[in-house]
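What the coordinates show
Residues per chain, in single letters:
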Amino acid sequence: MAAAAHEREEVVLLSEQPEWSDVQPIPQCEGVEPVVQILYDKEYSDAMGLLRAVMRRGELSQRTLHLTSVIIFMNSAHFTVWEFRRCILHSLNSKREWISELDFMKEVNSMNTKNYQLWNHRRVVVETLMPSGGSGNGPALKVDTIETYTLKDEFDHLGEIFAEDAKHYHAWAHRQWLVRTYGCWDKEMTFTKELIKEDVYNNSAWNHRFYVIMNGFLGDHQGGNDDVFVNEVMYCLECLKGSEENESVWSFLLGLLLRANHVGTSQYLQVLEILFKFVKVTQKQSKTRAVRCVFFDASLCYQLALRVLGHVKDTGDFWKRLDLDAAKLLHQAVDNWRLLKSLDPTREASYEIKEGLAK
Amino acid sequence: LGVEYDGKSGHLTAKAFVASEGLASLLKRAPRKQACLDFIESCQNPSGGFGGGPQQLSHIATTYASVAALFIVGGKDALREVANREKTKVFLQRLQVQQSEYGGSEYGGSFRVHIGGEVDMRACYLAMAVCRFLELNPAEFLDLSSMVEYIKRCQTYEGGFGGEPGNEAHGGYSYCGFAALALVGMEDQVDLFQLLDWASSRQQTYEGGFNGRTNKLTDSCYSFWQGALLCLLERSLSKGKEERKEENSSDEKCGNPFKKDALRNWILVCCQLVEGGFRDKPGVRPDYYHTCYALSGLYLTHNANVNVLLCNVRNL
């Protein structure tokens, strides 16, 4: 019977609808000789014509809110329209409308999940529905609905996104924002552990884990903690089993080691010994693994030497107390880089630079 | 440009930049010069900055695209005639996040991409680059020391930079962060060795091209983001601070920052299409963005002039 929806011949133009009869659309001015001209759909040009008119007169109403929805569905990166939408929402000041944003954003997300405007908008919506205390003194929302939104709902939403793409950059950034804004760190270690179990190469998960540790455990917030440091190192070694070429884990390890100046000296030295031994063993397994662990060994030696020599500011006297031989460390680093020049020619230029730095 | 570009009218100026930059790297001049300049002028707002098209909110990316396109199409004259320097200064000031603002402790020093917009590393680079194009001295009207602190907070344990403090090290944001520092001569404020560790590891042995993050796939656009980062980094490591300040040389070449022929092969053999344009990787459709950045990455493999990366309009 009927043709498919997208083949319909009748185009619905908003400007021709009775509810818009009082608005004269303003066309886009592109000059006498347009360059980079876009051949817009009729519906889009029409909606934009209305938008230009209502923006000029500053109309902040239900119908202009609807108009921004129509346009955003056709062009979700139109930042001017998202900003206008927020002006309307602030003006309407209705909790019900802000809650409706959640469904709206879900719809937009299904069309394109990697969209800066969407994720920026999401932060504003979440902040509005769950004020974190720092957001200043805006008027209280009109409570015209019994619906509420919770942090759990928000984490569930993120969970859905990660299930489709466990490395979704915007989603991870959003998660970090959530966790630090609302101080809800408690589930994060378990969460990252689960993701790493699913994919030990998921660098986003490792990065987030590091972020959580630094803001809760090893960092200044809770002072030194030997247990966490050792546990994390053992966890890394566990994760390396079977995938000893995994760059994510080696970087994580190095990161831990260079920020552990709150732990006990003997603990640290024991860990160093274990790791250097581990490198020697791993080096023999395969070329790819050798490249990775020798790279780690060289960077570690060089960075330790810098700290022992006092070249890195604000790290206290922890490094001097380790009583390591800086010259020996530098020598080991240089030997490793020389070896790497033949094992890993792709990075030959950088090994050359590093050798220069060590001198 | 057919109907499939419907979704991008917020980025007309970005397209103008990307297309003309791509073209300009191939030809010596862009077509229909005056029409281009008039169009870009129509995107400038009385309050300062440029939108994606006429009557759009000013956005820092479209402002960058506009001034860059002005320079590519019409040189310094076009910049002088079209861009309103004073208004642009005001625009940039409005976008910088003050320490005293909400979120100031996280975002303080960085910039919003537009009023009410997101705050991240892109904005720092774009703001500094705009200053260079317009020959503005950011130290005179912006808070550079807090911008530098923000950038430092974005360097991760891997050595690269994320979009916001704590975020995963990423090629695009790393280029933006480091280039922003290079444009104001403050590269030494971050850990250059760790950055070298991370950035050099982004070139893939098998493909020859770069990936954007650890354990992710190679993509032709990173030919520029990572390649250019390494060019700037190599320069910072090999030259002393005083040496770098000398802006006399119009001919400063990129040295030996990465495996150039491996990158060249990746771009030309795997990413170039017979019918024209470049793609992210085999199996993906080409687009303007990847064409622009693959070409820019290719340029880096041919004795590139560092002044281009530093937006030194005086020396170009």
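Residues numbered from 1 in each chain as written. Chains lettered and ligands numbered in written order. Predicted model: local features only at pLDDT ≥ 70, side-chain atom pairs only at ≥ 80, totals over all residues. Heavy atoms only, no water.

**What to know about the overall build of chain A**
- Summing up its helical and strand segments, chain A has 16 helices and 0 strands in all.
- Here chain A has a C-alpha radius of gyration of 28 Å; the compact-globule value for 359 residues is 21 Å, and the former is much larger.
- With the principal axes as the frame, chain A shows a C-alpha extent of 85 × 50 × 45 Å.
- Taking all 359 residues of chain A together, the buried fraction comes to 53%. (Helix = DSSP H or I, 4+ residues; strand = E, 2+ residues; numbered from the N terminus. Rg over C-alpha atoms; globule rule 2.2 N^0.38 Å. Buried < 20%, exposed > 50% of the residue type's maximum accessible area, 1.4 Å probe, protein only.)

**A word on the packing of aromatic side chains**
Residues and elements named next belong to chain A.
- Applying the stated criterion across every chain yields a total of 35 aromatic pairs over all chains.
- Ring centres of Phe-210 and Phe-252 lie 5.5 Å apart, and the angle between their planes is 85 degrees; this geometry places the pair in the edge-to-face category. Of this pair, Phe-210 sits in helix α9 (residues 203-216) while Phe-252 is found in helix α11 (residues 247-258), placing the two residues 42 residues apart along the sequence.
- Residue classification places Phe-210 among the buried residues on the basis of a relative accessible area of 5%.
- Over the ring of Phe-191 we find Arg-175; its NZ or CZ atom is 3.6 Å from the centre of that ring.
- Here the basic side chain of Lys-187 rests over the ring of Phe-155, its NZ or CZ set 5.3 Å away from the ring centre. (Phe/Tyr/Trp six-rings, centres within 6.5 Å; stacked < 30°, edge-to-face > 60°. Lys NZ or Arg CZ within 6 Å of the ring centre and 35° of its normal.)

**Section: the interface of chain B and chain A**
- The partner chain A presents 70 residues to the 66 residues of chain B that form the contact.
- Summed over both partners, the interface of chain B with chain A buries about 5,900 Å², with 52% contributed by carbon and sulfur atoms.
- There are 6 salt bridges connecting chain B and chain A.
- In this structure, Arg123(A) and Glu164(B) form a salt bridge, with 2.7 Å as the shortest nitrogen-oxygen distance.
- Across the contact surface, chain B and chain A share 31 residue pairs in polar contact (both at pLDDT 80 or more).
- Mapped onto the side of chain B that touches chain A, the elements with two or more residues apiece are α1 (12-26), α2 (33-42), α5 (104-107), α10 (192-201) and α11 (222-238) of chain B.
- The element best represented in the side of chain B that touches chain A is α10(B), accounting for 6 residues.
- Its residues placed into classes, the side of chain B that touches chain A shows 21 nonpolar, 27 polar and 18 charged. (Contact = heavy atoms within 4.5 Å. Buried area = accessible area lost by both parts, 1.4 Å probe. Salt bridge = Lys/Arg side-chain N within 4 Å of Asp/Glu carboxyl O. Polar contact = N/O pair within 3.5 Å; in protein donor to acceptor, adjacent residues only side chain to side chain. Nonpolar A, V, L, I, M, F, W, Y, C, P; charged D, E, K, R; others polar.)

**Points about the environment of Thr88(B)**
Residue and element names in this part refer to chain B.
- Along the polypeptide, Thr-88 turns up in helix α4 (residues 85-95).
- C-alpha separation for the pair Thr-88 and Pro-165, spaced 77 residues apart in sequence, amounts to 27 Å.
- Setting aside residues up to four positions removed in sequence, Thr-88 forms contacts with Gln-44, Gly-48, Gly-49, Val-130 and Leu-134.

**With respect to the nonpolar core**
- Counting 110 residues, the largest nonpolar core has Leu67(A), Trp206(A), Phe229(A), Tyr268(A), Phe296(A) and Trp337(A) as its most contacted members.
- Ranked by the residues each element gives to this core, the list is headed by helix α13 (residues 287-308) of chain A, at 13 residues.
- Those residues in contact with Tyr268(A) that sit more than four places away from it in its chain are Phe229(A), Leu257(A), Ala260(A), Val263(A), Leu304(A), Phe318(A), Trp319(A) and Leu322(A).
- Counting 95 residues, the second largest nonpolar core, distinct from the first, contains Leu181(B), Trp225(B), Leu300(B) and Leu310(B). (Core = buried A, V, L, I, M, F, W, Y, C linked by side-chain atoms within 4.5 Å.)

**Comments concerning the confidence of the model for chain B**
Residues and elements named next belong to chain B.
- Looking at chain B as a whole, its pLDDT mean stands at 89, while 88% of the residues score no less than 70.
- A low-confidence stretch, residues 1-10 (pLDDT under 50), is modelled with 33 contacts involving residues beyond four sequence positions or located in other chains.
- ipTM for the predicted complex: 0.94, alongside a pTM of 0.93. (pLDDT = per-residue confidence, 0-100.)

**Considerations on the pattern of salt bridges**
Residue and element names in this part refer to chain A.
- Taken as a whole, this structure holds 40 salt bridges over all chains when the rule is applied.
- Across the pair Asp-317 and Arg-321 runs a salt bridge whose closest N-O atoms are separated by 3.6 Å.
- Under the relative-accessibility criterion, Arg-321 is labelled partly exposed at 47%.
- For Arg-347, the salt bridge is made with Asp-344, and the minimal N-O distance between the two is 2.8 Å. Both residues of the pair, Arg-347 and Asp-344, belong to the buried class.
- Taken together, the shared-partner salt bridges connect Arg-338, Lys-341, Glu-352, Glu-355 and Lys-359 into one network.

**Structural notes on the packing of helix α6 (residues 121-133) of chain B against helix α9 (residues 171-183) of chain B**
Residue and element names in this part refer to chain B.
- Relative orientation of the contacting elements α6 and α9 amounts to 35 degrees, with a least axis distance of 8 Å. Where α6 crosses over α9, the two elements pack in a sense that is left-handed. Note on element contacts: α9 touches α6 through Tyr-173, Tyr-175, Cys-176, Gly-177, Ala-179, Ala-180 and Leu-183, opposite Met-121, Arg-122, Cys-124, Tyr-125, Met-128, Ala-129 and Arg-132. (Axes fitted to C-alpha atoms, helices over the stretch in contact; angles between N-to-C directions. Left-handed = near helix turned anticlockwise from the far one by under 90°.)

**Focus on α6(B)**
All names here are of chain B.
- In this model α6 runs 19 Å from its N-terminal to its C-terminal C-alpha over 13 residues, within 8% of the 18 Å that 1.5 Å per residue would give.
- Of all the 13 residues making up α6, 13 are buried; the element is thus mostly covered by neighbouring parts of the structure.
- Positive backbone phi, at 50 degrees, marks Glu-135, one or two positions downstream of α6. (Expected span 1.5 Å × (residues − 1).)

**A few points about unusual backbone geometry**
- Phi is positive for Asn303(B), which is not a glycine, with a value near 55 degrees.
- Within the secondary structure, Asn303(B) sits in the loop between α14 (288-300) and α15 (306-309).

**Some thoughts on a nonpolar patch on the surface**
- A surface patch of nonpolar side chains, about 250 Å² in accessible area, is lined by Tyr299(B), Val308(B) and Leu316(B).
- Take Tyr299(B): it is sitting in helix α14. (Patch = residues over 30% accessible without salt bridge, like charges linked within 9 Å, V, L, I, M, F, W, Y side chains within 5 Å. Areas by Shrake-Rupley, 256 points an atom, 1.4 Å probe, with all protein chains shown as cover.)

**Things to note about the environment of Tyr302(A)**
- Here Tyr302(A) lies in helix α13.
- Each C-alpha atom, one on Tyr302(A) and one on Leu60(A), is 60 Å from the other, the two residues being 242 residues apart in sequence.
- In this structure, Tyr302(A) is in contact with Leu330(A), Ala333(A), Trp337(A), Leu357(A), Ala358(A) and Phe193(B), ignoring residues within four places of it in sequence.

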